[in-house]
Amino acid sequence: MILQVSNIIFIDSPVGSGFSYGTLEEGFISSDTTAVKRLVVFLKKWLRGHPQFLSNSLYVGGESYCGMIIPTLALEIHISNKESGEEPLLNLKGYFAGNPVTDDRFDTAGKVQFFHGMGLLSDELYEFAMENCGGNYSDPPNVLCAESIQAIADCTKDINLSHILEPKCEAIWSPRIQQAAARNGTSGLTVQYSAGDDLLFPFKCRSDAQQLSYIWANDEGVRESLGVRKGTKGEWKRCDRDLPYARDITSTVEIHSRLRRQGYPALIYSGDHDSKFPFVGTQAWIRSLNLSITDDWRPWPSCWGAGHTAPEYKPKECLEMFARWLSGDPL
């Protein structure tokens, strides 16, 4: 039996990411705030073209850096509905964010606390950093603090930040790996299989399997099947770091607070082995909102065993979590 939880629209944003494109060069110039406004425009245009979905409850969500975009988008939708009244109104009911970037103060402090809590930093180094930084690890207030932050970076440089229990690997198509493969007479794709984990491909590292997306997304047959317009996109990149993009939102803590005051529910979750934006920092900024507690504490709804980002590691568990949240069932 297959149960439909929701209809999902996946959007490549900002312009230039994924298969999205601009017809003019200036169309690729974007920022956090620009991307949010363009997303609102897209949603309204899409619903005008698909009016059968107008009455559906709308939830917006994303992972990682979308922690800056999603709450801002939710607030922009709220403002658009209440102030401009431009049709169609978007039936926003809530939002969700996984392993979210939120505020550098909380995110960086959470990373240091997480490293120590997982036994990756010595008590001496952690206490030295606390004493000299006073919790401010994102903007070191003095030389000793800066030195302790550098020492922490040196100590954890060989850790896979996305999942601290998985190996940190060099890309399988890097020159060094390919040269070694050529010497051994093997393909760079034929690497050691690590049994007993959740990987779907026979690769040693999760990042190895991710490289297959380049083969898939740059295949002409795949592009034709997806309806990608010919000539609109050159090489597909999983993360295009060269787009002209300004990160002009520095914190979404206050935005979360505003959305909460307006009554919008939020699902914030983390993979508990993610050290890029660990659950410790997420708990801290949620605590800063001074929300009323309506249920007793129980194991926090992180996705156990997952990294950055959680659905990549634990898709079944995350789907169950999402379905329960939508239906109002306890997590």
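Right above here is the structure, for reference.
This section reports on the structure supplied with the text. (Residues numbered from 1 in each chain as written. Predicted model: local features only at pLDDT ≥ 70, side-chain atom pairs only at ≥ 80, totals over all residues. Heavy atoms only, no water.)

### Considerations on the side chain of Ser80
Checked against the element boundaries, Ser80 lands in helix H2 (residues 66-84). Overall, Ser80 belongs to the buried group, its relative accessible area being 11%. In this view, Ser80 contacts Val40, Lys44, Gly85 and Glu86; residues no more than four positions away in its chain are not counted. (Helix = DSSP H or I, 4+ residues; strand = E, 2+ residues; numbered from the N terminus. Buried < 20%, exposed > 50% of the residue type's maximum accessible area, 1.4 Å probe, protein only. Contact = heavy atoms within 4.5 Å.)

### Considerations on the packing of aromatic side chains
Enumeration over the complete set of coordinates arrives at seven aromatic pairs. With centroids separated by 6.1 Å and ring planes inclined at 90 degrees, the aromatic side chains of Phe114 and Phe279 adopt a geometry described as edge-to-face. Of this pair, Phe114 sits in helix H3 (residues 104-117) while Phe279 sits in helix H11 (residues 279-287); the two residues are 165 residues apart in sequence, bridging distant segments of the chain. Since its relative accessible area comes to 23%, Phe279 is described here as partly exposed. Between Phe322 and Trp325, the aromatic rings sit 6.4 Å apart at their centres with planes inclined by 35 degrees, giving tilted as the arrangement. Taken as a pair, Phe322 and Trp325 lie in helix H13 (residues 315-327) at a separation of three residues, close to a single helical turn. In this pair, the class of Phe322 matches that of Trp325, namely buried. (Phe/Tyr/Trp six-rings, centres within 6.5 Å; stacked < 30°, edge-to-face > 60°.)

### Re the nonpolar core
Judged by nonpolar contacts, the single largest core of 19 residues is most densely connected at Val60, Leu73, Ile77, Leu92 and Leu259. For this core, the secondary structure elements donating two or more residues are helix H1 (32-49), strand E2 (58-63), H2, strand E3 (92-98) and helix H10 (253-261). Per element, the largest residue contribution to this core is six residues, and it comes from H2. Among all residues touching Leu259, those that are not within four sequence positions of it are Pro71, Ala74, Leu75, Tyr95 and Tyr264. (Core = buried A, V, L, I, M, F, W, Y, C linked by side-chain atoms within 4.5 Å.)

### Quick look at unusual backbone geometry
Cis rather than trans, the peptide bond between Glu87 and Pro88 has omega equal to 0 degrees. Tracing the sequence through the fold places Pro88 in the loop between H2 and E3. Across the junction of His308 and Thr309, the peptide omega takes the value 10 degrees, indicating a cis bond. Tracing the backbone through its elements, the reader meets Thr309 in the loop between H11 and helix H12 (310-313). One non-glycine residue with positive phi stands out, namely Ser64, at about 60 degrees. Secondary-structure assignment places Ser64 in the loop between E2 and H2. In this structure Ser64 comes out as buried when scored by relative accessible area, which is 18%.

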